[in-house]
Each structure stands twice: as structure tokens, then as C-alpha cells.
Amino acid sequence: IWRAAGRAGGATCGGRAGAMAALVAPGRAWEAVSPLLSQAPLGAPAGASPSVGSPPSAALPKMGLPCKFGITDPISLQEPSDADVALSRRMVEELDRGCPQESLEGAKHHEAVLQELGLVVTEWMAEAGLEKGLPEAEARRSASKLLHLGSYKLGVAQPGSDIDTLCIGPPHVSREAFFTSFVDKLKQQESVDYCVPSPDAFTPIIRIKMRGVSIDLLFAKLVKPLEEGQNLEDVVKDDDILRNMDDKSVRCVNGYRVAEQILQLVPNAATFRETLRFVKCWARRRGIYSNVLGFFGGITWALLVARVCQLYPYYATSQLVNRFFRVYDQWNWSKPVMLCEIEEKQNQPGMALFKVWNPKTNPADRQHVMPVITPAFPAMNSTHNVTETTKRILLDEFRRGYESVKTVEADRAEWAQVHEPFQFFRQFRHFLWLEVLARNEEVYQKFSGWVESKLRILTKQLEVASGMIIHPNPRQYDLRGTDPEWPLGCGMFIAMAFFKDQGAFVGQTVDLRGHFHHFVDVIAQWSEKDTYNGQFLFRVKRILVHQLPDYARDVVEEGEGDKKRARPARPEDGAASAGEQVKKRHVSNGV
């Protein structure tokens, strides 16, 4: 049994395209994992896999009742041992210390703010109905309540995180009114610190801060009004609500529908939440949590965790974390990750214009390098922004995560080592330094969002530079008042490394001017640049590590100054992460 070193095109084992087996620690049996022929790892009969993290025992492991979640049978029906439960308890305790959940007081405050916002929405919708000539009773009855999406809906929100909400309006309330009269009403509220509408975004959004709570507010318009006695949450779950609905409303509604289906498609919601909390904490600290920059966003991490829960329906949290890293480290990414079968309903009335992810008929879908498909109709790929660069980084992190978890299971490390922060500024020596600056909050929110949404254009151009690999950093660093002329702003960094085996050589000249000029031209296409003329600035510069600005140096000293732990080796193929390769194969500072 061997593991292929070639990862980019999907690994094979023993020359057979349908099987991959991974060896586990001595004293444990092996479990076949074969994601190459099907969407899920098969290769092992349900219930045949021993529990990783449990000591060998003469007694047969306890099995749960036969079940099926998703599109395949489970890999294992085994229930956790006492040792697995204890390890999971220790993991959650360490997670609560390192990545704490929202406090009870904070949760109550969030709930109070959302209720206050809901009253503002209801009042505005009633006013809009009266303006359209509806009777007062009808206008108030048709006003919809707010629905929650994302991490808040899934129950894994962290302190200080944004709350995604959805306002569903009746047919007589237009999207234009939402971004005009409703925005005006929000700005009149004393409790609203700022309100920034983005009506022209791919998914139009209003960003507000209300009593210190950041809220992202989406809008969807119903095609027909709710009937008497209908419950909005139940109606939204049904695909019929999408008939003849506009694309923007469909994208917004599906944020709620996807989160709802995830919770319905996992065997155990509580175990799913604990596992997802760990994975999200790990992804943020390792610098791979950003959909817009080409990594994975929150919904993708939730989908990946949910699929592992389906494959191991009775596993404890620590076991699921182990399998999460192992499954996706070995996944054949020419196959999508899916929680359920993709439904094709375009032949039904009112559904003809919806585009469903299908690489057989859509050429653009065939270009997706790590497809993870949403369960709600119309099915979409949640990872269309992933590039070859971010795929390489993600795969490195999956492997590192698996090796780290095995070290924890062997009682040679603590869980905190698995999600220790990535030492970005210590791993690289060359950087692209980008700064977004603004005079006020509204301009900053809009312009920084525009720049961030276009960064992937720059990274894709830099990918083709000979001899160089790049590593985008999704974190935005606050300027901490370092530029008195610009009160608001952030710094962003893209690391560069030069390898001989990538074509670099001593004395080579790498000309980045063309990439810079093209990217600056893209940024200059911002539709509101004339409206906010003189109120924003964009800077880009190549620097070396000793030229880092003070606000980045402070982060290095505060967040990366801990004693560095040794990283687990990769015995199967000897490969290393990009950061480790920089130290081993860097040509010179003169490149």
C-alpha cells in the first residue's frame, strides 16, 4: 500500500484509479478510502473501520444502527469508545479556551439587537404597503420577519463576528426601495452606528453596525404574497418559492435554505456544531478562511464537515476532526463533495432560467478545481474562486492537520497545536504590500470591499510568473493610526517565494510592473470613484521582510512570538508546505 506523491491531478494507489488506502498508526487496522470513483470514500464496509484514537481491544467495537445520510452508505457505523469520548471532551475544553463561544450575555445582546432590527424592518414594510394603497391591516400582515443565515443560523457564531440576516419582502416591496427608503430609515435610528448599502454587488447587501453588533442584511422579494396562516420559514424551505424569482433574490434566499438543509442532512447536529467550531477556528488561524481570496468560506467549511459527519454518523468530535483532515487530504478533487444528489428542475414552470452546477453541460463548471456543492436547488459550487495556488495551500494544510491530530491522539501534543497560527511573516521574505485608505467609514467599507473582491485577479496573474509561487494572506491588518492623513484603512499582504525547481535562478529579474499596472487599472474601474473622489487611496508596493510596516511588525511580535513548535513530517512523500520550502529551497534575496 502506498500513497502517490502527485497531488495536483488527484492521487492514485497501486496504479488503480478506484482505490486509495492509508496506513494508520502501528497497532491499528487500516481503513480503505477511495474517493476516486465515487463522491464519498468507499472501499470499506459499513462498520468495518476501527476507531482511530482508541487503544486496541480484544472486544469487538460497538456498532450503531444501520443508517444512510447523503448519497452513499456510511464508511463506519462504529460508536466511540470511552477513550474517544474523553479525547473529544479534552478537545472541546481546549477549544473553549482558545476559540470561545459567544457568552450568554453577548448572545442576549445579539438577540435584543436583532429583535430591534426586526421591528424597524416590519415598520418599514408596513409603511411601504400603505404607500402602495394597501389597507393598514393587510400592509402589516404582509410584513415579513428577519431570517438568520450562516454561522448564526448554524449555531457556531463567535464573539464579534458578523451576523448574516435575510429580509424577505412581499411582492409590493421592491429591491430599489430596500436600498433607498429602508437605508434612509436605518440611518435615522440612533442605535445604528453606520449603514453602508452595496446595491450593485453580485449579492446586494447592506452592512450596518447596530449597538456595536455588525450585521450583513440581504433582501429577497417574494413572487406572490403569503397566504393566511402560512409560516415564512416553512414556505422558504420549499423549492416552489423560487418559481419566477429574480436571480439576486434566489441567491439571498438560498443562503437560508442551504444552512437549513445542512442541519437536516447531518446525523447529529450537536456533534456537527462542535466539529465545525474546531475546523473554523483552525482555518482562521492557519490563514485559509476567505472565499473571496480563493480559499474556503464559512459555508464551504460547513459543507465539508457535514459530509464527514454523514460518512461517520456515530463518531465523536475528535474522531470526526481526524477523519475531516484525512478524507480531504486524500480526496480526488476532480469529483465534487456533495451532501445530496443534484436536482435538475429547469424543465418545470418558472424554473427554466436557473443555472444548476453541471460540469457535463457547463464548460465553466469544468474549470472548478475543488468543487463543493450546495444542497439546495439550484445547486451551486461554493468554491468557484479557488485557484491552483490556494488549492496547493489548502492541501498542505489538510495534510498538516492530519499529522498534528495523530500526534495529539498519541498523547504527544495538545489540541492547540493543531490550530496554532500560521507564521506568515516568519515563513517568507518577499511580499506585495497593499493598502486601502479612506476618509470615512462608508467610503472605507465600499472601497475595501471592491479591492478585496478583485484581489483574485492579481493572484491569478502572479501564478504564471516563472520561478515564483505566491501565498495570499486573507487577514486585513488595521493601520493603527500610522497614517494621520487617512483615519481608516487596512494593509494586505501576498507573500512571494522563488524556487529553483520552479524555474528561478540567481540573478533572475522578475518584472511585476505589468501585473501591477493591470491590477491598478481594474481597481480604477470602481463605479463610485467619482462620487468619492479624493476620499480614498490605494497603494501597492513590493517589500522585503525587514521593510514591513509597524502595524504588521506588531502582529508578528504579539501573535507570532510564541515558541515555535516543530511541524510533523510528511513521511509518505517527503513534501513540505510552501513556508517550509522557502527555507529549504530559496534561491537568494537578490532574485
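Structure: see above.
Residues numbered from 1 in each chain as written. Predicted model: local features only at pLDDT ≥ 70, side-chain atom pairs only at ≥ 80, totals over all residues. Heavy atoms only, no water.

### Re the pattern of salt bridges
Phase 1 of the analysis: Taken as a whole and assessed by the stated rule, the structure comprises 29 salt bridges.
Phase 2 of the analysis: Each of Arg 90, Glu 94, Asp 411 and Glu 414 takes part in a single network of salt bridges with overlapping partners. (Salt bridge = Lys/Arg side-chain N within 4 Å of Asp/Glu carboxyl O.)

### Brief notes about the sheet that holds strand β5 (residues 192-198)
Sheet strands line up and pair through hydrogen bonds in the backbone, either parallel or antiparallel.
Phase 1 of the analysis: Read from one edge of the open sheet, five strands run β3-β4-β7-β6-β5, paired in mixed fashion. The sheet terminates laterally at β3 (146-148) and β5, the two strands that pair on one side only. Pairs of neighbouring strands in the sheet enclose a mean axial angle of 25°, with direction left out of account.
Phase 2 of the analysis: Where strand β4 (residues 163-169) and strand β7 (residues 213-221) come together, seven bridges link them in parallel fashion. By the bridge assignment for β7, Ile 163 is matched with Ile 215.
Phase 3 of the analysis: This element, helix α2 (residues 104-131), spans β3, β4, β6 (205-210) and β7 of the sheet and lies at about 20° to β4. (Pairing = 2+ DSSP bridges. Helix = DSSP H or I, 4+ residues; strand = E, 2+ residues; numbered from the N terminus. Axes fitted to C-alpha atoms, helices over the stretch in contact; angles between N-to-C directions. Contact = heavy atoms within 4.5 Å.)

### What to know about the side chain of Glu 260
Phase 1 of the analysis: Take Glu 260: it is sitting in helix α8 (residues 247-265).
Phase 2 of the analysis: Using a relative accessible area of 10% as the deciding quantity, one classes Glu 260 as buried.
Phase 3 of the analysis: If near-sequence neighbours (up to four positions away) are discounted, Glu 260 is found in contact with Lys 153 and Lys 237. (Buried < 20%, exposed > 50% of the residue type's maximum accessible area, 1.4 Å probe, protein only.)

### Side note on the environment of Asp 511
Phase 1 of the analysis: Turning to its location among the elements, Asp 511 is positioned in the loop between β11 (488-498) and α15 (513-523).
Phase 2 of the analysis: For Asp 511, a relative accessible area of 43% gives the class partly exposed.
Phase 3 of the analysis: Linking Asp 511 and Ala 465, residues 46 residues apart in sequence, is a C-alpha distance of 8.7 Å.
Phase 4 of the analysis: Side-chain polar atoms of Asp 511 contact the side chain of Arg 513, separated by 2.9 Å. (Polar contact = N/O pair within 3.5 Å; in protein donor to acceptor, adjacent residues only side chain to side chain.)

### Details of the pairing of β11
Phase 1 of the analysis: For β11, a buried count of ten out of eleven residues is recorded, marking the element as mostly surrounded by other parts of the structure.
Phase 2 of the analysis: Note: strand β8 (residues 430-438) against β11, nine bridges, orientation antiparallel. Paired with Ala 438 across the bridge in β11 is Leu 488.
Phase 3 of the analysis: One ladder, built from five bridges, connects strand β9 (residues 468-472) with β11; its direction is antiparallel. Looking at β11, one finds that His 471 is bridged to Ala 495.
Phase 4 of the analysis: Bridge count for strand β10 (residues 477-478) against β11 is two bridges, and the pairing is antiparallel. Residue Tyr 477 lies in a different strand from β11, and its bridge partner there is Gly 491.

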